[in-house]
Protein chains: 2
Amino acid sequence: MKITSLFNIKYPIIQGGMIWCSGWELASAVSNAGGLGLIGAGSMHPETLEIHIKKCKAATNKPFGVNVPLLYPQTDELMEIIVKEGVRIVFTSAGNPKKYTGWLKEKGVTVVHVVANKKFALKAAEAGVDAIVAEGFEAGGHNGYEETTTMVMIPMIREITNIPLIAAGGIASGKAMAAAMALGADGVQIGSLFAASKESSAHDNFKQKIVEAVDGSTHLALKKLVPVRLIENPFYHKVAEAEVKGADKTILAELLGKGRAKKGMFEGDIENGELEIGQTSVMIHDIKPVAQIMNELVADFNQTTKKMKDWRL
Amino acid sequence: MKITSLFNIKYPIIQGGMIWCSGWELASAVSNAGGLGLIGAGSMHPETLEIHIKKCKAATNKPFGVNVPLLYPQTDELMEIIVKEGVRIVFTSAGNPKKYTGWLKEKGVTVVHVVANKKFALKAAEAGVDAIVAEGFEAGGHNGYEETTTMVMIPMIREITNIPLIAAGGIASGKAMAAAMALGADGVQIGSLFAASKESSAHDNFKQKIVEAVDGSTHLALKKLVPVRLIENPFYHKVAEAEVKGADKTILAELLGKGRAKKGMFEGDIENGELEIGQTSVMIHDIKPVAQIMNELVADFNQTTKKMKDWRL
């Protein structure tokens, strides 16, 4: 398959590089289990990222990568460290794919860009990325303004480009993997399920919130600022109340303040923290080790595709 | 397959019973092509429904059904006509499945209820329906408050009940059919694609709007009233402006007024009308006859599942 040979991995499963959840421990566990682990640099200072890369290299001899959201002032320094440490795979998100793709590819790095609409998929393809992650409305964390779901997103992006395509949003089982690939994806990126894994660096309180999620527990919030999918908690309810009354960007930015994602997801303040997670949290019932998650995904995928071969109309 | 034997049809494809789009001409065309056609009674007075049922019976000897949203005062009369005319299949939506299921089943009618969350799926199963349609956030028209997408909805409902399950929302290709069935659905309900078909009773202006839709053209609107997915037009923009400012239920109800869906979808006033359609409109590029749509769906589904049989990890 395109995606496994692109990254030199066993299974077309990429672990999303999430802030506060995906340090070296999660990334190396996923890579060791045959997927592609990603360190989430979005919540890291350059020196922290350097430590995580070094630890990840020590913990796995399999390929792994780093996800870099292109919206922080220290992005140049993060990129320098990634190249210096010899990381071979970079996922960029939340910014212009033209900014670093050429430079990274010159250094021999495989570059993937995360998009949530058609316009940025074309922009990424033009920038020369090696693959695209297309993320649907159901995904956790930052999200697109168009609110296009994975079911519509994947065929829509597949229609306009032949570039290797990784589906994200709503995927937490081998059945959903098979579904994403039926829609035209070459592989999947899984976030929430790994955020709730044993090796995730998320606080146990946050993992517990994910496990307890019910139908409708997550919402796309802060749409006038940057849309982000959050799980309900007192902080979310404050935001929702303000939004219902028509709160503008300034009011929402004040409400959000600084450091709220760290407070919630990493420090475990589930009252006042910002808890970013996807709709699939409703399907996550246990906190499991990565190796078990990967085994279950692969077995479920194989069982699903085996069954489907008899589905002829 | 469960769904085809339940309805005695050839393909597990149900045409959504949409207001102003699905009269006898569309329903009979879908049934004649091997799917299950549904007359959408939501936009019909009892005497209109009677005419449509009679014409549908004359136009096909295959099974067809009627979709009845349970929110109009004339629902009792609609049900009486359905039973009197010998319709064997009824889809109910937008209301309590307990209200008519028992009564219809006593008359030998097969009953299906449309849901958009877990709670109503359980309620429908308890009411004794023969199947459930579970509709995701990407679907056109009225929609759930939870905003759960098809990718998450189907595994979530499949997990709690073994009842025959029909996926709706985001499905406009054989690939998406295969995806929905990989997720655990037994069949699919397709709306937008048939709304834009030659045999749809929608106005040509509306069909043209569907064909011209781009990424992000549809939005879930009127959330404080009843969430409904609309395509952008001057009416939608008025609603969106009011909502951004925090407009309440009363203001929105006034803005909506009466008869706006008919005005837009049936009479073709695409400036002032309410145009209900799903996200898949971005994937609909031509207005085709139903027979061609059905052939393409089946061929695409078979090609997809055939390819998938080699997908073993």
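**Side note on the sheet that holds strand 7 (residues 141-142) of chain B**
All names here are of chain B.
Moving on, step 1. In space, the three strands of this open sheet follow the order 7-11-10, with antiparallel pairing throughout. Each edge of the open sheet carries a strand with a single partner, namely strand 7 and strand 10 (218-221).
Moving on, step 2. Inspection of the sheet shows strand 10 paired to strand 11 (residues 228-231) by four bridges, in the antiparallel sense. Considered in strand 11, the bridge of His219 is made with Leu230.
Moving on, step 3. The sheet contacts of helix 11 (residues 234-244) involve strand 10 and strand 11, and relative to strand 10 the element is tilted by about 45°.

**Regarding the interface of chain A and chain B**
Moving on, step 1. Taken together, the contact between chain A and chain B spans 44 residues of the former and 44 residues of the latter.
Moving on, step 2. For the side of chain A that touches chain B, the secondary-structure elements that each account for two or more residues are helix 7 (150-160), helix 8 (174-182) and helix 14 (290-308) of chain A.
Moving on, step 3. Of the residues assigned to the side of chain A that touches chain B, the class counts are 21 nonpolar, 15 polar and eight charged.

**A look at the sheet that holds strand 4 (residues 89-93) of chain B**
All names here are of chain B.
Moving on, step 1. Taking strand neighbours across the sheet as the criterion, the eight strands line up as 1-9-8-6-5-4-3-2 in an open arrangement whose pairing is parallel. With one partner strand each, in any of the chains shown, strand 1 (13-15) and strand 2 (37-40) form the two edges of the open sheet. Here the strands of the sheet are splayed against their neighbours by 25° on average, with no regard to which way each runs.
Moving on, step 2. Sheet topology note: the strand 8 (residues 165-168)/strand 9 (residues 187-190) ladder contains three bridges and is parallel. Paired with Ala168 across the bridge in strand 9 is Gln189.
Moving on, step 3. Lying over the sheet, helix 2 (residues 24-32) contacts strand 1, strand 2 and strand 3 (64-69), oriented at roughly 170° with respect to strand 2.

**What to know about the domain arrangement of chain A**
Residues and elements named next belong to chain A.
Moving on, step 1. Partitioning chain A into domains gives domain 1 (2-201 + 288-308) and domain 2 (204-280).
Moving on, step 2. Computed over C-alpha atoms only, the centres of domain 1 and domain 2 are separated by 23 Å.
Moving on, step 3. Of the residues lining the interface, 24 residues belong to domain 1; the matching set on domain 2 comes to 17 residues.
Moving on, step 4. Mapped by element, the contributors of at least two residues to the side of domain 1 that touches domain 2 are strand 7 (141-142) and helix 9 (192-195).

**A look at the relation of the copies chain A and chain B**
Moving on, step 1. Overlaying chain A with chain B gives an RMSD of 0.0 Å, the required rotation being 180° about an axis along which the chain moves by 0.0 Å. In the structure described here, the two chain copies are related by an operation that fits a two-fold rotation axis.
Moving on, step 2. Here 100% of the interface residues in chain A have copies in chain B that are interface residues too; the copies meet face to matching face.

**Overview of the nonpolar core**
Soluble globular proteins: nonpolar side chains tend toward being buried together.
Moving on, step 1. Counting residues in hydrophobic clusters, the biggest one holds 208 residues, and the most contacted among them are Ile132 of chain A together with Ile132 of chain B.
Moving on, step 2. Sequence-distant contacts of Ile132 of chain A, defined by excluding residues within four places in its chain, comprise Val112, His113, Val115, Ala121, Ala124, Ile157, Ile163, Leu165 and Ile166 of chain A.

**Details of the pairing of strand 2 (residues 37-40) of chain A**
Residues and elements named next belong to chain A.
Moving on, step 1. Burial along strand 2 is two-sided: Gly37 and Ile39 and Leu38 and Gly40, pointing in opposite directions, are all buried.
Moving on, step 2. As defined by bridge partners, strand 2 adjoins strand 3 (residues 64-69) across four bridges and the pair is classed as parallel. Bridging across to strand 3, Gly37 finds its partner in Phe64.
Moving on, step 3. The handedness of the strand 2 to strand 3 crossover, carried by helix 3 (residues 46-59), is right-handed.

**Re the pairing of strand 11 (residues 228-231) of chain A**
Moving on, step 1. Pairing geometry for strand 7 of chain A and strand 11 of chain A, over two bridges, is antiparallel. Bridge pairing in strand 11 of chain A links Gly141 of chain A to Arg229 of chain A.

**As for the packing of helix 8 of chain A against helix 14 of chain A**
All names here are of chain A.
Moving on, step 1. Interaxial distance between helix 8 and helix 14 falls to 7 Å at its minimum, and their mutual angle equals 55°. The orientation of helix 8 relative to helix 14 falls into the category oblique. Like other packed secondary-structure pairs, helix 8 and helix 14 cross with a definite hand, here right-handed. Between helix 8 and helix 14, the contacting residues are Gly174, Lys175, Met177 and Ala178 on the first element and Leu297, Val298, Ala299, Asp300, Phe301, Gln303, Thr304 and Thr305 on the second.

**Description of unusual backbone geometry**
Residue and element names in this part refer to chain A.
Moving on, step 1. For Glu147, which is not a glycine, the phi torsion comes out positive at approximately 60°.
Moving on, step 2. Relative to the assigned elements, Glu147 resides in the loop between strand 7 and helix 7.
Moving on, step 3. The phi dihedral of Leu222 is positive, around 55°, even though this residue is not glycine.
Moving on, step 4. Along the chain, Leu222 turns up in the loop between strand 10 (218-221) and strand 11.
Moving on, step 5. Judged by local crowding, Leu222 falls into the buried class, with 25 C-beta atoms found within 10 Å.

**Concerning helix 14 of chain A**
Moving on, step 1. Taking 1.5 Å as the rise per residue, helix 14 of chain A with 19 residues should run 27 Å; its terminal C-alpha atoms sit 27 Å apart, in good agreement.
Moving on, step 2. Of the positions making up helix 14 of chain A, those classed as buried are Val290, Ile293, Met294, Leu297, Val298, Phe301, Thr304, Thr305 and Met308 of chain A. When helix 14 of chain A is viewed along its axis, its buried side chains cluster within an angular range of 135° and face the same direction.
Moving on, step 3. Next to the buried residues of helix 14 of chain A lie strand 1 (13-15), helix 2 (24-32), helix 8 and helix 9 of chain A together with helix 8 (174-182) and helix 14 (290-308) of chain B.

**Remarks on helix 6 (residues 118-127) of chain A**
Residue and element names in this part refer to chain A.
Moving on, step 1. Of all the residues in helix 6, the buried ones are Lys118, Phe120, Ala121 and Ala124. Looking straight down helix 6, one finds its buried side chains confined to an arc of 165°; they lie on one side.
Moving on, step 2. On its buried face, helix 6 sits against strand 5 (110-115), strand 6 (131-135) and helix 7.
Moving on, step 3. Among the residues trailing helix 6, Gly128 stands out with phi positive, at a value near 90°.

**Considerations on the environment of Ile231 of chain A**
Residue and element names in this part refer to chain A.
Moving on, step 1. Take Ile231: it is sitting in strand 11.
Moving on, step 2. For Ile231 and Thr161, which are 70 residues apart along the polypeptide, the C-alpha to C-alpha distance reads 33 Å.
Moving on, step 3. Setting aside chain neighbours within four positions, we find Ile231 in contact with Lys209, Ala213, Ser217, Thr218, Leu275, Ile277 and Ser281.

**Quick word on the packing of helix 8 of chain A against helix 8 of chain B**
Moving on, step 1. Interhelical geometry of helix 8 of chain A versus helix 8 of chain B gives an angle of 180° and a closest axis separation of 8 Å. In terms of orientation, helix 8 of chain A lies roughly antiparallel with respect to helix 8 of chain B. Residues Lys175, Ala178, Ala179 and Ala182 of chain A of helix 8 of chain A form the contact with helix 8 of chain B, whose participating residues are Lys175, Ala178, Ala179 and Ala182 of chain B.
Moving on, step 2. Of the residues belonging to the contact of helix 8 of chain A with helix 8 of chain B, the class tally is six nonpolar, no polar and two charged.

Reading guide: rules and limits
Residues numbered from 1 in each chain as written. Chains lettered and ligands numbered in written order. Predicted model: local features only at pLDDT ≥ 70, side-chain atom pairs only at ≥ 80, totals over all residues. Pairing = 2+ DSSP bridges. Helix = DSSP H or I, 4+ residues; strand = E, 2+ residues; numbered from the N terminus. Contact = placed C-beta atoms within 7 Å. Axes fitted to C-alpha atoms, helices over the stretch in contact; angles between N-to-C directions. Nonpolar A, V, L, I, M, F, W, Y, C, P; charged D, E, K, R; others polar. Domains from an automatic or database assignment. Least-squares fit on C-alpha atoms with pLDDT ≥ 70 in both. Core = buried A, V, L, I, M, F, W, Y, C linked by C-beta atoms within 7 Å. Buried ≥ 20, exposed ≤ 12 C-beta atoms within 10 Å, placed from the backbone. Right-handed = clockwise from strand over helix to strand, strands pointing away. Parallel < 35°, antiparallel > 145°, perpendicular 65-115°, else oblique. Left-handed = near helix turned anticlockwise from the far one by under 90°. Expected span 1.5 Å × (residues − 1). Arc of directions from axis to C-beta.

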